[in-house]
Amino acid sequence: MTLENAAQEGEQAAETKAETPAEPKITFADLGLSEPTLRAVTESGYTYPTPIQAAAIPEVLMNRDVLGIAQTGTGKTAAFTLPMIDILAAGRARARMPRTLILEPTRELAAQVAEGFDKYGKYQKLTKALLIGGVSFGDQDALLARGVDVLIATPGRLLDHFERGKLLLTGVQVMVVDEADRMLDMGFIPDIERIFKLTPFTRQTLFFSATMAPEITRITDQFLSNPKRIEVAKPATTATTITQRIVALPGSDPRTRRAALRATINSCEVKNAIIFCNRKTDVDVVALSLKRHGYNAAPHPWRS
Ligand code: AMP
């Protein structure tokens, strides 16, 4: 091959490469979900699965344990909810024996997961109960007595119900521990261990945590069986349309800081802005100061 030929071939190769279409993106339909679940997903407005959904859904459908290292905002809730809905489509709930169990550290997260089941499971008939603070004990107990497919709970509330003899965990086929690192911060790990021991060892376990502290690794080593480990990047914390800048100040004098704030507002030609302070009193001082300097500013009226 002459040098000229080689150069031509190189060019051709480059052209061919440029024409090769980009790797086709994985769609929800590629993941093995049922038609009714896919319909509900489409209606939720999701076009493509997030990385944790693409990786976890096929594994969960194959009944494998999953260790998901992922934060909120990565789409991890649907990563376990969608395949669970399909697993639950076969079979029927028995009185006081939930078929699946989801543990959440807070009542807000538990309520969000419950909403997810309603949204994604709208074309399947699933029953669920919610054992969290602020939700009537009697109502949830009546649901449990009839039998539920999904029980969503905070650990303390769940054990409370268990101790009153209102619940059996021996029918749990799938158990989810969500936000395990927050459970650790809140002192729930002993409760989680107890709950694990109350469920059959043949269960499928889906375990999610943003970080793997030694205490969490100890639990996953003990209670997960050959899990598929899926680690996803943190979701972007700032919109790409936002430019971030840091203004360095010589000290922490509040007057200097307020002057720097005005200088920043002026130099950036700000039309509308939101200013965050770390104390309510600072919010009032900064708003008053801006007003005195001729800015149309007001503190947010909301008070916690
Ligand atoms: P999560 O990390 O589960 O709390 O989900 C974060 C947010 O992402 C929620 O508001 C979901 O509704 C949304 N979400 C989940 N999956 C997708 C997806 N595949 N496409 C777009 N948004 C999604």
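See the structure printed just above.
Residues numbered from 1 in each chain as written. Predicted model: local features only at pLDDT ≥ 70, side-chain atom pairs only at ≥ 80, totals over all residues. Heavy atoms only, no water.

A. Representation of unusual backbone geometry in the model. Of note in this structure, Asn-63 is not a glycine but carries a positive phi near 65°. Tracing the chain through its elements places Asn-63 in the loop between α3 (51-61) and β1 (66-69). Of note in this structure, Glu-179 is not a glycine but carries a positive phi near 55°. Considering the arrangement of structural elements, one finds Glu-179 in the loop between β5 (174-177) and α8 (180-185). (Helix = DSSP H or I, 4+ residues; strand = E, 2+ residues; numbered from the N terminus.)

B. Structural detail: the site of the ligand. Close contacts around the ligand come from Phe-28, Tyr-46, Tyr-48, Pro-49, Thr-50, Gln-53, Thr-72, Gly-73, Thr-74, Gly-75, Lys-76 and Thr-77, and that covers them all. Within the backbone of Tyr-48, one N or O atom sits 2.9 Å away from a nitrogen atom of the ligand. The separation between an oxygen atom of the ligand and a polar main-chain atom of Lys-76 is 3.3 Å. Here the ligand loses 66% of its free accessible area of 500 Å² to cover by the protein chains. (Near = heavy atom within 4 Å. Polar contact = N/O pair within 3.5 Å; in protein donor to acceptor, adjacent residues only side chain to side chain. Areas by Shrake-Rupley, 256 points an atom, 1.4 Å probe, with all protein chains shown as cover.)

C. Quick peek at the packing of aromatic side chains. A full pass over the atoms with the stated rule returns 3 aromatic pairs. Note on Tyr-46 and Tyr-120: the rings are 6.1 Å apart at their centroids and 55° apart in plane angle, and the pair reads as tilted. Residue Tyr-46 is found in the loop between α2 (35-43) and α3, and its partner Tyr-120 is found in helix α5 (residues 107-120); the two are separated by 74 residues along the sequence. On the basis of relative accessibility, which here comes to 6%, the residue Tyr-120 falls in the buried class. (Phe/Tyr/Trp six-rings, centres within 6.5 Å; stacked < 30°, edge-to-face > 60°. Buried < 20%, exposed > 50% of the residue type's maximum accessible area, 1.4 Å probe, protein only.)

D. Structural context of the pattern of salt bridges. Across all of its chains, the model carries 16 salt bridges by this definition. The shortest N-O distance in the salt bridge between Lys-76 and Asp-178 comes to 2.9 Å. Taken together, the residues span a long stretch of sequence, with Lys-76 in helix α4 (residues 76-88) and Asp-178 in the loop between β5 and α8 at a distance of 102 residues. Residue Lys-76 is classed as buried on the basis of its relative accessible area, which comes to 5%. Here Asp-178 falls in the buried class, since its relative accessible area comes to 1%. (Salt bridge = Lys/Arg side-chain N within 4 Å of Asp/Glu carboxyl O.)

E. Spotlight on the state of the cysteines. Enumeration according to the criterion identifies 0 disulfides in this entry. With no disulfide of its own, Cys-268 lies 17 Å from the sulfur of Cys-277, the closest cysteine sulfur. Here Cys-268 falls in the partly exposed class, since its relative accessible area comes to 35%. Owing to a relative accessible area of 28%, Cys-277 belongs among the partly exposed residues under this scheme. (Disulfide = S-S within 2.5 Å.)

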